[in-house]
Amino acid sequence: SLSTRFGTVAVPNILLFQGAKPMARFNHTDRTLDTLKDFIFNQTGIEAKSDVTVTEEDWEGPLPSVLTKGIDWLLLFSLLFLASFVMYATIRTESIRWLIPGQEHEHQE
């Protein structure tokens, strides 16, 4: 709903807000550091530091670009929790008690 509300059709999309209203949008096709600096300066009057440069590490991003094999412990824990909950709920259900040995089915008189 936010993308429809603000007309976002591409990512990344930078909107500058004043209060709750979007005042400016950075949607240049040439997305470089210089065009971003110019946009910020034109809209806010804030001048960027002159010693800022884009390095090779900036292009790599926050996630590794090489696949690694490993165990997803959170997924494993989630599956164990779900299996435990299903077993607990099944055992606690009245209609399944006749399947468990030692559980006598009581009749109401």
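Reading the values: rules and limits
Residues numbered from 1 in each chain as written. Predicted model: local features only at pLDDT ≥ 70, side-chain atom pairs only at ≥ 80, totals over all residues. Heavy atoms only, no water. UniProt positions renumbered as here; feature names shortened; annotations may be inferred. Helix = DSSP H or I, 4+ residues; strand = E, 2+ residues; numbered from the N terminus. Phe/Tyr/Trp six-rings, centres within 6.5 Å; stacked < 30°, edge-to-face > 60°. Buried < 20%, exposed > 50% of the residue type's maximum accessible area, 1.4 Å probe, protein only.

- The chain is annotated in an unreviewed UniProt entry as TXD15 protein from Crypturellus soui.

1. A short note on the UniProt feature "transmembrane region" (unreviewed entry) in the chain
Then comes step 1: Residues given the UniProt feature "transmembrane region" (unreviewed entry) here are residues 73–91.
Then comes step 2: Segment residues 73–91 splits into 100% helix and 0% strand. End C-alpha atoms: 27 Å apart.

2. Observations concerning the packing of aromatic side chains
Then comes step 1: According to the stated counting rule, one finds one aromatic pair in the structure shown.
Then comes step 2: Ring centres of Phe 26 and Phe 39 lie 5.2 Å apart, and the angle between their planes is 50 degrees; on these two criteria the pair is classed as tilted. Placement of the pair is Phe 26 in strand β2 (residues 21–26) and Phe 39 in helix α2 (residues 33–44), with a sequence separation of 13 residues.
Then comes step 3: We classify Phe 39 as buried; its relative accessible area is 6%.

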